[in-house]
Amino acid sequence: MRDCNIDPSKLSPFQKILLLADGTLTNILEIFLNEPIAVVKLSEKIVIITEDIQPLKIKAGTEVLERQILLQDQTSHHNWLYADSIIVIERIEERFRDKLIKSHIPIGKLWQQHKTETFKEIVNYAQEQAGDLSDYFEIKRQDNLLSRTYSVSSNNQPVMMITEKFPESYFTSDF
């Protein structure tokens with residue numbers, strides 16, 4: 001891990017789990033909230049990257065799928081988490097890729113459905129101002145978000161890098 005500007009001792013136990021555990025957050029949120037979680041796709045496009053991405057071991061000129069989503073509970077439609085992903089499409093199985101693009105199924109659930117073996121490594125966790133993401137959470141632009149970035153490997157090669165963010169005010173002991 002590198003550049004982590006958060007003192008984990010200042011976080012609630014559940015915030016620590018969300019930031020530091022290498023589990024699938026959709027399942028963790030569903031258990032904690034006792035609600036089914038849905039994916040709301042904000043953006044999804046294939047692009048050619050303009051600079052190297054070291055955690056994915058890819059060079060400028062590589063084609064990737066960029067995706068931005070919200071994890072939202074299906075009852076109240078409350079947004080719990082924002083995530084952006086960079087997916088090396090040539091490294092994922094075609095059926096998985098098609099479902100990822102055509103469905104609204106969370107990535108973690110697709111891994112389970114396809115029985116995809118994965119290894120996740122947290123690259124960074126941080127605190128930052130919400131800025132433009134504040135509207136999704138109905139918070140102020142200057143309110144803080146907590147985030148984690150991790151790489152996902154399958155078949156011994158990195159296939160994705162995912163950054164997940166949620167308001168610092170969520171999942172506290174008095175939540």
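Position labels on residues start from 1 in each chain and follow its written sequence. Local features in this predicted model are restricted to residues of pLDDT 70 or higher, and side-chain atom pairs are both shown and tallied only at a pLDDT of 80 or more, whereas totals for entire chains, interfaces and linings draw on every residue. Derived side-chain values reflect all non-hydrogen atoms in the structure, with water molecules and hydrogen atoms excluded from consideration.

1. Quick look at the environment of Asp 143
Then comes step 1: In this description a helix means any DSSP run of H or I spanning at least four residues, a strand means any run of E spanning at least two, and both kinds are numbered starting from the N terminus. Locating Asp 143 in the fold gives a position in the loop between α5 (134-137) and β5 (144-154).
Then comes step 2: The classification of residues rests on relative accessible area computed with a 1.4 Å probe and restricted to protein chains. Under 20% of the type maximum is buried, over 50% is exposed, and intermediate values are partly exposed. Since its relative accessible area comes to 32%, Asp 143 is described here as partly exposed.
Then comes step 3: Residues Asp 143 and Glu 168, 25 residues apart in the sequence, show an inter-C-alpha distance of 7.8 Å.
Then comes step 4: For this analysis, residues touch if any pair of their heavy atoms sits within 4.5 Å. Apart from the residues within four sequence positions on either side, Asp 143 is in contact with Glu 128, Gln 129 and Ala 130.

2. Here's the deal with helix α2 (residues 25-33)
Then comes step 1: By the burial criterion, the buried members of α2 are Leu 25, Thr 26, Ile 28, Leu 29, Glu 30 and Leu 33.
Then comes step 2: The positive-phi residue at the C-terminal boundary of α2 is Asn 34, with phi of around 55°.

3. Details of the sheet that holds strand β1 (residues 37-48)
Then comes step 1: Strand order in this open sheet of six strands is β1-β2-β3-β6-β5-β4, and the pairing throughout is antiparallel. Two strands lie at the open edges of the sheet, namely β1 and β4 (119-129), each paired on one side alone. Neighbour to neighbour, the strand axes of the sheet diverge by 15° on average, direction disregarded.
Then comes step 2: Here β1 pairs with strand β2 (residues 63-73) via 11 bridges, running antiparallel. Looking at the pairing, Lys 41 lines up with Ile 69 of β2.
Then comes step 3: Note on geometry: axes are C-alpha line fits, over the in-contact stretch for helices, and angles between N-to-C directions span 0 to 180 degrees. Docked against the sheet, helix α3 (residues 94-102) engages β1, β2, β3 (79-87) and β6 (157-167), running at close to 115° with respect to β1. In this scheme, strands are said to pair when DSSP sees at least two bridges between them.

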